[in-house]
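Below are the chains, spelled out letter by letter.
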Amino acid sequence: MEHLRAACKAKLGATETYVEDWSAFNYKIGGKMFAIIGTDGKKKPLISLKCDVGESEILRQQYEDIVAGYYLNKQHWNSIYYDNHRVPIELIEELIDHSYSLIWHSLPKKKRADILKNRGGVKPRLP
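Asker: I tried to follow the pairing of strand β1 (residues 14-19) on my own but got confused; where do I start?
Answerer: Where a strand is regular, its side chains alternate between the two sheet faces. Pairing between β1 and strand β2 (residues 24-29): six bridges, direction antiparallel. Note that in β2 the partner of E16 across the bridge is Y27. Linkage of β1 to β2, two consecutive antiparallel strands, is achieved through a turn of four residues, within which S23 is found at a positive phi near 50°.

Have a look at this one:
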């Protein structure tokens, strides 16, 4: 889990907060969530990420441990059970990038400019 937390926190302008009610770490950019790391009702660890609708379905068909978003919009979010290592960590990292990119591009230009200004003007690496 620490590796995934570090990957989310490393994103330009990302904020991490712990949400007590969810027992989960919440990651946002510009006030919009791009990742949640927590557990399901059976205490199985998972990460939930925003995903392109078409890609979401393909991933769910390819990987048993990628399911519709846990307590999230099932069309736009995937939850990934990562503790058994059946989903390659490289894929999870790519999906973190993808989720961040979706949210970054949905932000108003002014909000993106403010984030860049506050971070020294370095643009994020977006897929």
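Asker: Quick question: what am I supposed to make of the environment of P45 here?
Answerer: Mapped onto the elements of the fold, P45 is located in strand β4 (residues 45-50). With 48 residues separating them in the primary sequence, P45 and E93 have C-alpha atoms 16 Å apart. Discounting residues that sit within four places of it in the chain, P45 has contacts with G38, T39, I80, Y81, Y82 and D83.

Asker: Got a minute to help me understand helix α3 (residues 89-106) in this structure?
Answerer: Three or four residues apart is the spacing at which side chains of an α-helix point the same way, because the helix has 3.6 residues per turn. Along its 18 residues, α3 runs 26 Å from first to last C-alpha, staying within 8% of the 26 Å computed at 1.5 Å per residue. Within α3, burial applies to L91, I92, L95, I96, D97, H98, S99, Y100, S101, I103 and W104.

Asker: Is there a simple way to think about unusual backbone geometry in this case?
Answerer: Comment: phi is negative for the bulk of residues other than glycine, and the bulk of peptide bonds are trans. You will see that K43, though not glycine, has its phi angle at about 70°, which is positive. Looking at the element boundaries, K43 is found in the loop between β3 (32-39) and β4. For K43, a relative accessible area of 63% gives the class exposed.

Asker: Mind showing me how you'd approach the pattern of salt bridges here?
Answerer: Opposite charge on two side chains lets them pair, provided their charged atoms get close. On inspection of all chains with the given rule, the structure shows seven salt bridges. Linking E16 and R5 is a salt bridge whose minimum nitrogen-to-oxygen distance equals 2.8 Å. Highlighted residues: E16 in strand β1 and R5 in helix α1 (residues 2-9), separated in sequence by eleven residues. Among the residues examined, E16 registers a relative accessible area of 26% and is labelled partly exposed. Note that D97 and K11 form a salt bridge whose closest N and O atoms lie 2.2 Å from each other. Here D97, found in helix α3, pairs with K11, found in the loop between α1 and β1; they are 86 residues apart in sequence, far enough to count as distant. Under the relative-accessibility criterion, D97 is labelled buried at 15%. Here K11 falls in the buried class, since its relative accessible area comes to 16%. Taken together, the salt bridges that share partners define one network made up of E2, R5, K9 and E16.

Asker: Sorry if this is basic, but what is going on with the environment of I29 here?
Answerer: Following the sequence through the fold, I29 ends up in strand β2. Overall, the relative accessible area of 0% leaves I29 in the buried class. I29 sits eleven residues away from D40 along the chain, and the two C-alpha atoms are 24 Å apart. Leaving out residues up to four positions away in the same chain, I29 has contacts with L12, G13, A14, F34, Y100, I103, W104, L107 and I115.

Asker: Is there a simple way to think about the nonpolar core in this case?
Answerer: One broad rule of soluble globular proteins: the nonpolar side chains tend to lie buried together. Counting 29 residues, the largest nonpolar core has F34, I47 and I96 as the members making the most contacts within it. Looking at this core, the elements with two or more residues in it are α1, β2, β3, β4, α3 and α4 (109-118). Considering each element in turn, this core owes the most residues, seven residues, to α3. When residues no more than four places from it in sequence are discounted, the contact partners of I47 are L4, C8, I36, I37, N78, S79, I80, Y82, I92 and I96. Grouped together as the second largest cluster of nonpolar side chains are five residues, M33, I36, L72 and W77 included.

Reading the values: rules and limits
Within every chain, residues take consecutive numbers counted from 1 along the sequence as written. Restriction of local features to residues with pLDDT of at least 70 applies here, the model being predicted, together with a cutoff of 80 or more for giving and counting side-chain atom pairs; totals for whole chains, interfaces and linings are based on all residues. As a rule here, side-chain values cover all heavy atoms of the structure and leave hydrogens and water aside. The criterion for strand pairing is that DSSP finds at least two bridges linking the strands in question. Only runs of H or I of at least four residues qualify as helices and only runs of E of at least two qualify as strands under DSSP, and these elements are numbered from the N terminus. Residue contacts are defined here by distance: any two heavy atoms, one from each residue, within 4.5 Å place the two residues in contact. Each helix should span, by expectation, one fewer than its residue count multiplied by 1.5 Å. Only protein chains enter the accessibility calculation, which uses a 1.4 Å probe; a residue is then buried when its area is under 20% of its type maximum, exposed when over 50%, and partly exposed in between. Here, a salt bridge means any Lys or Arg side-chain nitrogen found within 4 Å of an Asp or Glu carboxyl oxygen. Only buried residues count toward a nonpolar core. Its members are Ala, Val, Leu, Ile, Met, Phe, Trp, Tyr and Cys residues joined through side-chain atoms within 4.5 Å.

The analysis is restricted to geometry; functional conclusions fall outside its scope.
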